[in-house]
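# Descriptive analysis of the structure
Residues per chain are reported as follows:
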Amino acid sequence: MTIDEKYIYRCLQLARKGEAFVRPNPMVGAIIVHNDRIIGEGYHRKFGEPHAEVNAINAVKDQLLLQEATLYVSLEPCTHYGKTPPCTELIISKKIPRVVIATMDPNPMISGKGIQRMQNAGIEIKEGILEKEAKELNRAFFVNQLCQRPYIILKWAQSNDGFIDIMRSSLAEKTPAKISNEITETIVHKIRTQVQGIMVGTHTVIKDNPRLTVRKWFGENPIRIVIDRKCIIPSDANIFNNEAKTLVFTEYPDYHVKKENVKPIVIDFSKNTTEQIMKHVYEENIGSVLIEGGSRMLTSFISDNLWDEAYIEISSKELKNGIKAPRIDGDKIQIKQYLDSFQIHLKNKISRNFL
Ligand code: AOF
Ligand code: ZN
């Protein structure tokens with residue numbers, strides 16, 4: 001590991017501290033190094049609050065040392081007036097002579113311009129240190145900025161013989177097959193804390209009546225997203241309870257559930273629904289979505305090639321028959337949990353150093 005890598009690694013560690021609070025902004029960490037000594041460090045703590053560079057610079061007691069120091073930062077410093085003023089101008093005004101950056105900012109408003117602005121001011125720039133890791137850390141933000149859509153994670157549990165549920169012919173048969181166990185269920189709740197939205201199809205709501213909240217882990221409830229084209233979900237379904245907000249995609253402007261936490265959005269069901277829904281969801285500032293079923297919904301995201309990661313729980317149980325689990329390609333990583341295992345499929349080959 002080179003010296004620059006060592007310090008960028010520290011920036012990535014700091015960045016992670018903002019994980020639950022900065023979404024959909026990126027996690028960013030920064031440190032100031034003078035004569036091979038860290039004299040200040042900071043990270044982006046909360047959405048809308050000062051950026052990492054500002055916090056790191058403010059943490060330096062002797063501000064004159066900045067004129068002989070290197071700023072290390074895990075994302076290209078910004079040049080725009082957003083919720084906070086541009087970091088580049090602060091860096092230039094403090095006369096910091098050298099800046100080392102892990103990766104450029106994919107935000108089209110900033111991308112490349114931050115580096116250019118600092119180079120024009122005579123600052124020495126080094127870029128691309130632990131770039132893969134930095135992109136991996138903010139993979140949701142990169143997808144958001146480059147594709148203008150949420151980061152999409154598919155999740156399902158399947159039996160050892162490849163079924164996700166028994167056949168339940170009528171909606172009255174309400175007991176789904178038990179595939180997960182206590183431990184894997186807990187892990188799923190942890191995953192729920194890491195996304196901003198959670199989505200299921202109409203029949204999953206009617207058959208399983210899920211709450212889609214976080215109960216087995218500490219963290220915020222994601223916004224619940226459901227399709228109810230023909231207004232057939234009962235208004236007392238758990239998905240509409242007051243525990244979280246719910247977005248409903250429907251055909252009828254006069255949706256039958258009228259509650260403050262329930263927002264109906266009308267879409268055109270004669271066109272591709274997954275793309276329309278993801279566009280609206282992104283406009284609601286939801287940067288990542290966990291798709292939890294059922295099989296039809298998962299399959300449509302897979303066939304539309306609209307996904308980034310898939311968590312598949314492979315149970316040791318057998319069901320013999322039932323509803324076939326979706327099939328998916330992509331780089332496969334196997335994670336052994338106690339009793340059962342998760343497979344993680346990744347569409348893009350990115351490292352999993354931070355998993
Ligand atoms: C940085 N350092 O720590 C972060 C940056 O609305 P604002 O003002 O918070 O700006 C958000 C954008 O700034 C965000 O989309 C991303 O491009 C960049 N984030 N930039 O220099 C930071 N968090
Ligand atoms: Zn900034």
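Further up the page is the structure itself.
Right, let's walk through the structure included here. (Residues numbered from 1 in each chain as written. Chains lettered and ligands numbered in written order. Predicted model: local features only at pLDDT ≥ 70, side-chain atom pairs only at ≥ 80, totals over all residues.)

Regarding its fold elements, the protein chain presents 11 helices and 16 strands. The globule rule puts the C-alpha radius of gyration for 355 residues at 20 Å, and the 23 Å found for the protein chain is close to it. Across its three principal directions, the C-alpha atoms of the protein chain cover 75 × 45 × 35 Å. Counting all 355 residues of the protein chain, 41% fall into the buried class. When contacts within the protein chain are restricted to residue pairs at least 6 apart in sequence, long-range pairs at least 24 apart make up 69% of them. (Helix = DSSP H or I, 4+ residues; strand = E, 2+ residues; numbered from the N terminus. Rg over C-alpha atoms; globule rule 2.2 N^0.38 Å. Buried ≥ 20, exposed ≤ 12 C-beta atoms within 10 Å, placed from the backbone. Contact = placed C-beta atoms within 7 Å.)

This brings us to helix α7 (residues 139-147). Turning to α7, its buried residues number three or more, namely A140, F141, F142, V143 and N144. Where α7 is buried, its residues contact α6 (131-137), β6 (151-158) and β12 (288-291). Q148 occupies a position one or two residues after α7 and carries a positive phi of about 50°.

This next bit is on the site of ligand 1. In the vicinity of ligand 1, 17 residues are found, and the nearest of them are V28, H44, H51, G82 and N107. Considered class by class, the residues forming the shell around ligand 1 number eight nonpolar, six polar and three charged. (Near = placed C-beta within 6 Å. Nonpolar A, V, L, I, M, F, W, Y, C, P; charged D, E, K, R; others polar.)

This brings us to the sheet that holds strand β1 (residues 29-34). Spatially, the five strands line up as an open sheet ordered β2-β1-β3-β4-β5, and their pairing is mixed. Edge positions in the sheet fall to β2 (37-43) and β5 (124-127), since each has one partner strand and no second. Neighbour-to-neighbour, the strand axes of this sheet turn through a mean angle of 15°, independent of strand direction. (Pairing = 2+ DSSP bridges. Axes fitted to C-alpha atoms, helices over the stretch in contact; angles between N-to-C directions.)

For the rest of this paragraph, the subject is the sheet that holds β12. Strand order in the open sheet formed by nine strands is β11-β10-β9-β8-β12-β6-β13-β16-β15, and the pairing between neighbours is mixed. Sheet topology places β11 (262-266) and β15 (331-336) at the edges, where each strand pairs with a single neighbour. Ignoring strand direction, the axes of neighbouring strands in this sheet form an average angle of 20°. Bridge count between β6 and strand β13 (residues 309-314): six bridges; the pairing is parallel. Residue pairing for β13: L154 is matched across the bridge by A310.

Another aspect to go through is the nonpolar core. Membership of the largest hydrophobic core comes to 46 residues, with the highest contact counts inside it found for I152, L154, V289, I291 and F301. Counting residues per element, this core draws most heavily on β6, which supplies six residues. Among residues more than four places away in sequence, those in contact with V289 are P150, I152, V195, G197, I198, M199, I225 and V281. (Core = buried A, V, L, I, M, F, W, Y, C linked by C-beta atoms within 7 Å.)

Counting buried residues in β13 gives five out of six residues, a clear majority hidden from the surface. As defined by bridge partners, β13 adjoins strand β16 (residues 341-346) across six bridges and the pair is classed as antiparallel. Bridge pairing in β16 places Y311 opposite I344.

Looking now at the environment of S300. Of note, S300 is situated in helix α11 (residues 295-303). For S300, a count of 16 C-beta atoms within 10 Å corresponds to the partly exposed category. A sequence separation of 27 residues divides S300 from T273, and the C-alpha atoms of the two residues are 9.2 Å apart.

Our next topic: the environment of P264. Along the chain, the position of P264 falls in strand β11. Residue classification places P264 among the partly exposed residues on the basis of 18 C-beta atoms within 10 Å. Once residues lying within four places of it in the same chain are set aside, the contact partners of P264 are V248, T250 and Y255.

That bond from R23 to P24 is cis: its omega, 0°, falls within 30 degrees of zero. With respect to the element layout, P24 can be found in the loop between α2 (19-22) and β1. Omega for the peptide link from G293 to G294 comes to -5°, which places this bond in the cis form. Here G294 shows up in the loop between β12 and α11. A positive phi angle, near 60°, is found at K95, a position not held by glycine. Here K95 shows up in the loop between α4 (87-93) and β4 (98-101). At C231, a position not held by glycine, the phi torsion is positive, near 55°. Mapped onto the secondary structure, C231 falls in the loop between β9 (223-227) and β10 (246-250).

Next up on the list: the pairing of β10. With respect to burial, β10 is a largely interior element, five of its five residues being buried. Both faces of β10 are covered, namely the face carrying T246, V248 and T250 and the face carrying L247 and F249. In the sheet, β9 pairs with β10 via four bridges, with the strands oriented parallel. Among the inter-strand pairings, V226 is bridged to a residue of β10, identified as V248. Two elements, β10 and β11, share five bridges in a ladder whose sense is parallel. Paired with V248 across the strands is P264, a residue of β11.

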